[in-house]
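Architecture and fold: a report
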Amino acid sequence: LAGESAPAERLRKALKRAGPKHRAVFLTGEKGSNFILHARAIHAQFPGARHPLLHWEAARQRPSALKRALARLVENKGEEGELLRQGGSLFVEDAQALPAEFQDLLAAALTGEEASRDFRLIVGQTHDPERLIQDEVSPPLRLEGKALTIRLPPLRERRKDIPGLAGAILDEFAGRVGQERRLLTPAAQEWISSQPWWGNEAQLEVALWRAYLLADGSSVSLDDVQPTSGPRRGGGMEDFFRERLASAVASLGDGGESDLYAHTLRSVERPLLELVLRESGGNQLRAARLLGMNRNTFRRRLQDLGLAGRSRGRFRPR
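Residue numbers restart at each chain and count upward from 1, following the sequence in its written direction. Only residues with pLDDT of at least 70 get local features here, since the model is predicted, and only at 80 or more are side-chain atom pairs given and counted; chain-wide, interface and lining totals rely on the full set of residues. Excluding hydrogens and water, the side-chain values take into account all heavy atoms of the structure.

Focus: the overall build of the protein chain
Rule in force here: In this description a helix means any DSSP run of H or I spanning at least four residues, a strand means any run of E spanning at least two, and both kinds are numbered starting from the N terminus. Any residue under 20% of the maximum accessible area for its type is buried, any over 50% is exposed, and the rest in between are partly exposed; the area is computed with a 1.4 Å probe on protein chains only. We call two residues in contact whenever any of their non-hydrogen atoms come within 4.5 Å of each other.
Looking only at helices and strands, the protein chain features 13 helices and 7 strands. Residues classed as buried in the protein chain amount to 41% of the 318 residues present. Taking the contacts inside the protein chain whose residues are at least 6 apart along the sequence as the reference set, 73% of them involve residues at least 24 apart.

Examining the packing of aromatic side chains
Keep this limit in mind: Two rings belonging to Phe, Tyr or Trp (six-membered ring only in the last case) form a pair when the distance between their centres is within 6.5 Å. Interplanar angles under 30 degrees mark stacking, angles over 60 mark edge-to-face geometry, and anything in between is tilted.
Evaluation of the coordinates by the stated rule reveals 4 aromatic pairs. Taking 6.4 Å as the distance between ring centres and 65 degrees as the angle between the ring planes, the aromatic pair formed by Phe173 and Tyr212 counts as edge-to-face. One end of the pair, Phe173, is in helix α6 (residues 162–177); the other, Tyr212, is in helix α8 (residues 200–214), and 39 residues separate them in sequence. Since its relative accessible area comes to 1%, Tyr212 is described here as buried. Between Trp209 and Tyr212, the ring centres sit 6.3 Å apart and the planes meet at 0 degrees, which makes this aromatic pair stacked. Here Trp209 and its partner Tyr212 are both found in helix α8, 3 residues apart, which amounts to about one turn of the helix. A residue is classified by how much of its surface remains accessible, and Trp209, at 29% relative accessible area, is partly exposed.

Structural notes on the packing of helix α3 (residues 63–74) against helix α5 (residues 100–111)
Note the cut-off: Think of each axis as a best-fit line through the C-alpha atoms, taken over the contacting stretch in the case of a helix, with angles from 0 to 180 degrees between the N-to-C directions. Angle categories are assigned with fixed cut-offs, so that under 35 degrees is roughly parallel, over 145 is roughly antiparallel, 65 to 115 is roughly perpendicular, and the rest are oblique. Note on convention: the crossing is left-handed when the near helix lies turned anticlockwise from the far helix by less than a right angle, right-handed when the turn is clockwise. We call Asp, Glu, Lys and Arg charged. Ala, Val, Leu, Ile, Met, Phe, Trp, Tyr, Cys and Pro are nonpolar, and the rest, Gly among them, are polar.
Here α3 crosses α5 at 25 degrees, and the two axes come no closer than 10 Å. What the angle tells us is that α3 and α5 run roughly parallel. Where α3 crosses over α5, the handedness of that crossing is left-handed. When α3 is examined against α5, the residues Pro63, Leu66, Lys67, Leu70, Leu73 and Val74 are found in contact with a partner set consisting of Phe102, Leu105, Leu106 and Ala109. Among the residues forming the contact of α3 with α5, the class breakdown is 9 nonpolar, no polar and 1 charged.

Let's talk about the nonpolar core
Grouped burial of nonpolar side chains is what soluble globular proteins tend to show. How we decide: Side-chain atoms within 4.5 Å are what join buried Ala, Val, Leu, Ile, Met, Phe, Trp, Tyr and Cys residues into a set we call a nonpolar core.
The biggest cluster of nonpolar side chains holds 28 residues, and the ones touching the most others in it are Trp56, Leu73, Leu90, Val92, Leu106, Leu121 and Leu141. For this core, the secondary structure elements donating two or more residues are β1 (24–30), β2 (53–57), α3, α4 (78–86), β3 (88–93), α5 and β4 (119–127). If you tally residues by element for this core, the top one is α5, at 5 residues. Look past the residues within four positions of Leu141 in its chain and what remains in contact with it is Ala95, Gln103, Leu106, Ala107, Leu121 and Val123. By size, the runner-up hydrophobic cluster in this structure holds 22 residues, among which are Phe173, Ala174, Leu184 and Ala187.

Remarks on the environment of Gly112
The topology assignment puts Gly112 in the loop between α5 and β4. For Gly112, a relative accessible area of 24% translates into the label partly exposed. When the C-alpha positions of Gly112 and Leu84 are compared, they lie 9.8 Å apart, and in sequence the two are 28 residues distant.

So, the pattern of salt bridges
Between side chains of opposite charge, a pair can form as their charged atoms come close. What counts is decided by this rule: What makes a salt bridge here is a side-chain nitrogen of Lys or Arg within 4 Å of a carboxyl oxygen of Asp or Glu, nothing more.
Applying the stated criterion across every chain yields a total of 15 salt bridges. In this structure, the salt-bridge partner of Arg12 is Glu9, at a minimum N-O distance of 3.1 Å. Note that Arg12 and Glu9 are positioned in helix α1 (residues 6–18) at a spacing of 3 residues, about one turn of the helix. For Arg12, a relative accessible area of 22% gives the class partly exposed. Glu9 gets classed as partly exposed once you look at its relative accessible area, which sits at 34%.

Notes on a nonpolar patch on the surface
Quick reminder of the rule: Only residues above 30% relative accessible area that lack a salt bridge enter a patch, with like-charged residues linked at up to 9 Å and the nonpolar side chains Val, Leu, Ile, Met, Phe, Trp and Tyr linked at up to 5 Å. For every accessible area listed, the method is Shrake-Rupley and the probe measures 1.4 Å; residues are considered covered only by the protein chains on display.
Together, Phe241, Leu245, Val249, Val268 and Leu272 make up an exposed nonpolar region whose accessible area comes to about 350 Å². Of all the elements in the fold, those that place two or more residues in the nonpolar patch are α10 (237–250) and α11 (260–279). With 3 residues, the single largest contributor to the nonpolar patch is α10. Summarising the element assignment, Phe241 is placed in helix α10. By relative accessible area, Phe241 is classed as partly exposed at 30%.

See below:
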């Protein structure tokens, strides 16, 4: 459970409070929150690795399949019945999607005489912040308020944790595909920490997966993580500038003098230095290294272009 923010610390303490005392734990959070991670953390404390963890996804499984699984639980048959008799954790994710009669049967199974002392029910209720009216878990399934309730804080309440979480996600991607590790640039870290992430960890993972695939080299830049309105341009940098300069060259006419050469160099140099400063978090030494320039030369060009004072602190391009 990554994170050093105050909400993350409160969450860790709440998960520890679950212990063996609470036979039912009620997890509530927004869509995209990592419910299964927290359910595993609760299960690891009690009943632990000596018993299995069974995961029902109420919003994804067919109603007929859920009905059969619930019947096996109530009738003490199959995998579900064995879990109830011998102990283990049943995690019902998106429990608000279950029909009311299913929820009542689950609650009855938890409090019945057949339930082992090592059986635990973990109920997950997902809220969609974009919906006005939310589906709720019935009071019987929450044991009329006696179940331990744990709220999963959304990412926008844990902005301090986002860079570390993003780094862990990128490392997981690298291991999954067998490629090199890629780090977020300071500008990319700042951008992802500023976003609301209404889809929470799930939305963040999708955005980082896309950025990882688009990134070149060992870093993920701001341009990689920011969504674009159109497809990325193909071809090399020479092709890009050739396309942009074609109309300017065509407009020169015959024989007239022009400062197009100097103007073109200035037009490219200024945004180039701005972007590199932004990616380096305003660090001139790192920016110079990224460009392959001497630090003093880089500093002099910043002064000539009026950018020297803008490299301190958080850098913002014009």
